[in-house]
Structures are given as structure tokens and as C-alpha cells.
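Secondary and tertiary structure notes
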Amino acid sequence: MISFLKREKILGLDITEEYVRYALVLNSYKGSRILEAGTEKIPRVEPRNALMSAILNILRKTKCKKANISIQSDIVKHYLVSIKKETPKNFIKEELIIKLKESDPVSVKNDIFYFNKRFTENNFDFYDIFVTDNLNISFFKSVFENTGLVVKKVIKRSDALQNSCIPKGQLKSTMIINYENFDLDVSIYNLFNQYKDFHINANKDNVYLEIKKIHVEYFNQNEENINSFLLSGSFAADIYFLNTLKRFSGFPIKQADVFINLLNTKNQLPVVTKDESFSFAIAIGAAII
């Protein structure tokens, strides 16, 4: 098929210990359009069966098995690692492990869950690698195989947030604050630099302190302030929380528009309401290609 005519449906899955949020997106040469979205709660029973049940429900509802996934950052940790460009394919994983242990020693119980080349610079290939406990790797592989889920790519949460919340071609630096019941993910968008993922367990009364710390670190590295601030996650619908965050942080924080890079027209029935939409920032961003 001619590439500019290609249309592909893909699921974006935001996987945590408590829920799986999903967004079914149709990607084409024209852009991306959201078709369905929803949440499957994970009951506190046997974890493997609970996650399998959630994913099977999603596959049944969407009739799509291909997915890009983003897993909670304190379960699967992301690193950006470089190796020499000429490294033979069959030695790439081994070299990545060596480089990872040099920069940030990991437990012998951990291994690479997934890796993917991000870019090449000065004869070095830079890879996104995702690391977790060996038991988690076996757990996820078993779930995916038994449900028939075809994982096309693992997406770091920072990238997913930028895919859904930052308009394509934007120049100004932006902090995206995604807050969900003690889980705070912060993504810093800068057109010219890549920044590490920030994941913190934070009480909602302390979120402003954490984002101020991150901003100080950014300022010390760049000698400039971040230009704009966006709030996503379920708490973005709480205007009291948003106003409190603005007041105590001193930052002009606004609600994120998680549909900003999608093609859905105004006369279409919304897949989710505006207040619900903030919760799907990661799922939508994972699905956008």
C-alpha cells in the first residue's frame, strides 16, 4: 500500500497498578483522530488475572490488538543510554546493559524490558531503555501473550505527555504536570534538549513544592525560566486544586488540552467530556504516532 494512504488504528495504554486507561486512535498521513477512550479498573486480587481481565475487556471493546504502552514510572524505569553507532545488532542489548551499569548501577534482579533507538549524534546511537525487575518482565510478557496484545512500542511517560499536550512545532519551553492520586509525573518540553522523566509520589498539598524544585533545577541548568505550565491528570478538572497550585507555586498553570494534536472536529460527539479528558493525556500521547 502507498505510504501516504496508510491508515492504522492503535491503542495507547496507560498502565498502572490501579487502572489501565486506553485511547484508540486512528493514525493516517493527515494526522490522528481519537475513536474511543475509557478506563478499566484493576481490582486488588491476583495481579496477573486482574491485569489480563482489564486488557481483554479493552480488546473486546475496541477490537484492536496493536498497542503502544506506557507503564507507571516506579514500576518500569526509563533511561537514555548511548553506544557506538557501529555496534553489531546482536551485541546492542549487551552494550546497553554495560553502559547502564556504568552510569546508574541497577540491581542484579533487574533487566531491560524494552529498548528502542531514539537518535544518532556524533557516531553514537542513543537508546530509550526501560528497566524493571525480572519478575515484572515475566509477568508482563505472560499477560501480553495470553491476551493476544501486540505491543508495538513502549513509550516513556514524558514523551506521551508531550505528544498529547504540546502543539506540534511549538517553540516555547513548557512544563506538563500530570497528577493522579499521589502519582506525580512531570515532563519538561524544550525544542532543543531532552530532559529526564520526573516521577514522584506526592501528597496533593506538596505538589507545588515538587514542581518548584524541578523548575529550580531547570533554571540552574539553562539560566532561563520555563515559559508555560500545563496541568493534566484527573486533578486538572479540580479548579480548586488548580488555583491552589497556581497560588502557591507562583506559576501561571493552565489546564492542558489533550486533544490539541488530534483532528476531531467540533461537530463530532466527544469521546469523553472535557473534565474526563485530562485523565487520558498519557493514553492519547502513547497512541499518537
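The paragraphs below set out a description of the structure included in this document.

Reading guide: rules and limits
Residue numbers here run from 1 along each chain, matching the order of that chain's written sequence. Given that the model is predicted, a residue must reach a pLDDT of at least 70 before its local features are reported, and side-chain atom pairs must reach 80 or more before they are shown or counted; all residues, however, enter totals for whole chains, interfaces and linings. Hydrogens and water molecules were not included; the side-chain quantities draw on all heavy atoms of the structure. Only runs of H or I of at least four residues qualify as helices and only runs of E of at least two qualify as strands under DSSP, and these elements are numbered from the N terminus. By definition, residues are in contact when any of their heavy atoms lie within 4.5 Å. Between N or O atoms, a polar contact is any pair within 3.5 Å; within protein, one atom must be a potential hydrogen donor and the other a potential acceptor, and residues adjacent in sequence are included only when both atoms are from side chains. Remark: exposure states derive from per-residue accessible area (1.4 Å probe, protein chains only) relative to the maximum for the residue type, with buried under 20%, exposed over 50%, and partly exposed in between. Here a strand pair is declared whenever DSSP counts at least two bridges between the two strands. Axis lines are fitted through C-alpha atoms, for helices just across the contact stretch, and the angle between N-to-C directions can take any value from 0 to 180 degrees. In what follows, salt bridge is the name for a side-chain nitrogen of Lys or Arg lying within 4 Å of a carboxyl oxygen of Asp or Glu.

**A word on the environment of Gln170**
Along the chain, the position of Gln170 falls in the loop between helix 4 (157-165) and strand 9 (174-180). In contact with Gln170, not counting residues within four places along its chain, are Tyr189 and Leu191. Looking at Gln170, its side chain comes within polar contact range of the main-chain oxygen of Lys172, at 3.0 Å.

**Digging into the pairing of strand 2 (residues 19-28)**
Burial of strand 2 is extensive: 9 of the 10 residues sit out of reach of the surface. Strand direction decides the pairing type here: strand 1 (residues 7-15) and strand 2, joined by 9 bridges, are antiparallel. Across the sheet, residue Asp14 finds its bridge partner in strand 2, namely Arg21. Joining the antiparallel neighbours strand 1 and strand 2 is a turn of 3 residues.

**Points about the sheet that holds strand 9**
Strand order in the open sheet formed by 5 strands is 11-10-9-12-13, with mixed pairing between adjacent strands. This sheet does not close on itself; its edge strands, each paired only once, are strand 11 (198-201) and strand 13 (253-255). In this sheet, adjacent strand axes meet at a mean angle of 25° when their direction is disregarded. Across 7 bridges, the pairing between strand 9 and strand 10 (residues 183-189) is antiparallel. Within strand 10, the residue paired with Thr174 across the bridge is Tyr189.

**Some remarks on the pattern of salt bridges**
Within this structure, the stated rule accounts for 10 salt bridges. Residue Glu40 is joined to Lys61 by a salt bridge in which the shortest nitrogen-to-oxygen separation is 2.6 Å. Here Glu40 is found in strand 3 (residues 31-41), whereas its partner Lys61 is found in helix 1 (residues 47-62), with 21 residues between them in sequence. Among the salt bridges present, the one from Asp159 reaches Arg118, with a minimum N-O distance of 2.7 Å. With Asp159 in helix 4 and Arg118 in strand 6 (residues 110-121), the pair connects residues that are 41 residues apart, well separated along the chain. Asp159 sits in the buried class, given a relative accessible area of 15%. For Arg118, a relative accessible area of 26% corresponds to the partly exposed category. Through salt bridges with shared partners, a single network forms among Asp14, Arg157 and Asp185.

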